[in-house]
Amino acid sequence: MPSLTKPSTVRALLERYGLAADRRLGQNFLVDAGLLEVIVRTAGVRPGQEVWEVGPGLGTLTRALAEAGARVHAIEKDTRLEPVLRETLSGLPVELTFGDALEHDWSQLPPGSLFVSNLPYNVATPLLSELLRQGRFGRLVVLLQREVAERLAAAPGTPAYGLLSLRAAHHARVRKVRDFPPEAFYPRPRVTSTLVELEHTGAPDDPGLFRLVEAAFAARRKTLRKNLEQAGWPRDRILAALAEAGLEPMVRAERLGIEDFRRLHAGLGAPGS
């Protein structure tokens, strides 16, 4: 099989099957061999290790993971790519599933599993949020739009900080590995990508905490107190919980870290209770 990290090879492969990258599905195929190796090295695959991947595309990363010794479970939404993937992954220890990763049942995976993907831009945020909630992956190594990576790693009080930042902070340690320029992909996206490693801390999902977080960020320009009142918490209980958590009455949600929200949740309870 010719190298899938050459734009000319990718173009010829797509033309042979009468295909083109679908921007609606966030398809941008990695064509930089050095950066492909960065992903595989960051993943640190052990021989025989099972790895899950979403959006294999033409199979570039899938092949590299399998050649490094992984047994890859790859989920692809675009059924047009089935004959391509059957060709590019022939003879490799890869299990292909065609379907929507957002509808996949991740709850049955063994705890501590490894997830490695060049994620399609259009599913990155909801899929990562779900995978963190499920807690089945010990590590996730993902290539994302840089804007999403910045939101994952954002600190309180910064413009990128919000729901995704807090979801990541609750469940994981986030490390930005390096940026990937647009010319590393075919076709070239209009944005830079970033490779991110998330190491799950084992913290389980806390639906009540995140109902509070979602209510707190309902209107970023409003104070936290106003947002919580509109979500159904009584004002006197909000003020008491803010004071108990050491927070100012006029504070906005983007100033609170995950520990602040945990303390506030402990003092508030559920709205209307």
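Preceding this paragraph is the structure being described.
Residues numbered from 1 in each chain as written. Predicted model: local features only at pLDDT ≥ 70, side-chain atom pairs only at ≥ 80, totals over all residues. Heavy atoms only, no water.

## Topic: empty space enclosed by the protein
What counts is decided by this rule: Only protein atoms enter the 1 Å grid used here, on which a cavity is any set of points holding a 1.4 Å probe that cannot leave and a pocket is any open set flanked by protein within 12 Å on both sides along at least five of seven lines; residues with an atom within 4 Å of a point are listed as lining. Grid points are joined across faces, edges and corners, and a volume is the space filled by probe spheres set on the points. Only DSSP runs of H or I covering at least 4 residues are called helices, and only runs of E covering at least 2 are called strands; the numbering of each starts at the N terminus. When residue character is reported, Ala, Val, Leu, Ile, Met, Phe, Trp, Tyr, Cys and Pro are called nonpolar, Asp, Glu, Lys and Arg charged, and the others, Gly included, polar.
Taken as a whole and judged by the stated rule, the model has one cavity of 30 Å³ or more. One number sums up the size of the largest cavity: a volume of about 370 Å³. Elements supplying a minimum of two residues to the lining of the largest cavity: β1 (29–30), α2 (33–43), β2 (50–54), α3 (60–67) and β3 (71–76). Each residue belonging to the lining of the largest cavity can be placed in one class, and the counts come to 16 nonpolar, 10 polar and five charged.

## Some details on the pairing of strand β5 (residues 113–118)
Test applied: To sort residues, take the accessible area from a 1.4 Å probe on protein chains only and compare it with the maximum for the residue type: under 20% means buried, over 50% means exposed, and anything in between is partly exposed. At least two DSSP bridges between two strands are needed for those strands to be called paired. By the criterion used throughout, a crossover qualifies as right-handed when its path from the first strand across the helix to the second strand runs clockwise, the strands pointing away from the viewer.
Judged by how many residues are buried, β5 sits mostly within the fold: six of six residues are covered. On β5, burial covers both faces: Ser113, Phe115 and Ser117 on one face and Leu114, Val116 and Asn118 on the other are all buried. The pairing of β2 with β5 spans two bridges and is classified as parallel. Paired with Val51 across the strands is Leu114, a residue of β5. Taken together, β5, helix α5 (residues 124–134) and strand β6 (residues 137–145) constitute a β-α-β crossover, and its handedness is right-handed.

## Some points on the nonpolar core
As a reminder of what qualifies: Side-chain atoms within 4.5 Å are what join buried Ala, Val, Leu, Ile, Met, Phe, Trp, Tyr and Cys residues into a set we call a nonpolar core. The contact criterion used is simple: two residues touch if any of their non-hydrogen atoms lie within 4.5 Å.
Counting 37 residues, the largest nonpolar core has Ile39, Leu58, Leu65, Val116 and Phe180 as the members making the most contacts within it. The set of elements that each furnish at least two residues to this core consists of α1 (7–16), β1, α2, α3, β3, α4 (82–88), β5 and β6. Sort the elements by how many residues they give to this core and α2 lands first, with six residues. Not counting chain neighbours up to four residues away, the residues in contact with Leu65 comprise Val40, Val45, Val51, Ala70, Val72 and Val116.

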